[in-house]
Amino acid sequence: MDIEQLLSTITPEAFERLLYAVETGKWPEGTPLTPEQRDNAMQVVMLYQSRHNTDPQHMSVAAGGDITMKSKAQLKREFAPDQDTIVQTKLNDE
């Protein structure tokens, strides 16, 4: 099976399982990955992301294969979009 065939058979659910395994070192049911499984899963996750990841997070592979790195300020804005407003309001009130 070539890479394109492999990637076309991966469902979003299968991708989530692989991603969980790569991030935690265990399959969702708790079985640890072998080093070979970890390496293979990581390669598949990166290939899948390079084809389908249209909203890349910090240090992930975006569609097209580019690695996305976001600054601390960008991450803060994404995780707490109203944070700037709160901080600015407090500073203006003081």
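Before any of the text, the structure's been laid out above.
Now for a look at the structure at hand. (Residues numbered from 1 in each chain as written. Predicted model: local features only at pLDDT ≥ 70, side-chain atom pairs only at ≥ 80, totals over all residues. Heavy atoms only, no water.)

## Structural notes on the nonpolar core
(1) Moving on: Counting 12 residues, the largest nonpolar core is built from L7, I10, F15, L18, L19, A21, W27, L33, A41, V44, V45 and Y48.
(2) Moving on: Looking at this core, the elements with two or more residues in it are α2 (12-24) and α3 (35-52).
(3) Moving on: With near-sequence residues (within four places) excluded, A41 lies in contact with L18, V22 and L33. (Core = buried A, V, L, I, M, F, W, Y, C linked by side-chain atoms within 4.5 Å. Buried < 20%, exposed > 50% of the residue type's maximum accessible area, 1.4 Å probe, protein only. Helix = DSSP H or I, 4+ residues; strand = E, 2+ residues; numbered from the N terminus. Contact = heavy atoms within 4.5 Å.)

## Digging into the packing of aromatic side chains
(1) Moving on: Applying the stated criterion across every chain, the model contains one aromatic pair.
(2) Moving on: Here the aromatic rings of F15 and Y48 are separated by 4.4 Å at their centres, their planes lie at 20°, and the arrangement is stacked. Pair noted here: F15 is in helix α2 and Y48 is in helix α3, with a separation of 33 residues, a long-range link.
(3) Moving on: Residue classification places Y48 among the buried residues on the basis of a relative accessible area of 9%. (Phe/Tyr/Trp six-rings, centres within 6.5 Å; stacked < 30°, edge-to-face > 60°.)

## What about the pattern of salt bridges?
(1) Moving on: Tallied over the entire structure, the rule returns two salt bridges.
(2) Moving on: Here R17 ties to E29 by a salt bridge, and the two come within 3.3 Å at their closest N and O atoms. Here E29 lies in the loop between α2 and α3 and R17 lies in helix α2, a separation of 12 residues in the sequence.
(3) Moving on: Given the relative accessible area of 37%, R17 is considered partly exposed.
(4) Moving on: On the basis of relative accessible area, E29 is assigned to the exposed category, the value being 54%.
(5) Moving on: D39 is the partner of R38 in a salt bridge, and the nearest nitrogen-oxygen pair spans 3.2 Å. (Salt bridge = Lys/Arg side-chain N within 4 Å of Asp/Glu carboxyl O.)

## What about the packing of α2 against α3?
(1) Moving on: Orientation of α2 relative to α3, taken along the N-to-C sense of each, is 130°, at an axis distance of 9 Å. Here α2 lies oblique to α3, going by the angle between them. In this structure, α2 crosses over α3, and the sense of that crossing is left-handed. Residues P12, F15, L18, L19 and V22 of α2 lie in contact with α3, whose contacting residues are A41, M42, V44, V45, Y48 and Q49.
(2) Moving on: Tallied by class, residues from the contact of α2 with α3 come to 10 nonpolar, one polar and no charged. (Axes fitted to C-alpha atoms, helices over the stretch in contact; angles between N-to-C directions. Parallel < 35°, antiparallel > 145°, perpendicular 65-115°, else oblique. Left-handed = near helix turned anticlockwise from the far one by under 90°. Nonpolar A, V, L, I, M, F, W, Y, C, P; charged D, E, K, R; others polar.)

## Focus: the environment of P35
(1) Moving on: Structurally, the position occupied by P35 is in helix α3.
(2) Moving on: Using a relative accessible area of 57% as the deciding quantity, one classes P35 as exposed.
(3) Moving on: It is 9.1 Å that separates the C-alpha atoms of P35 and G25, two residues lying 10 residues apart in sequence.

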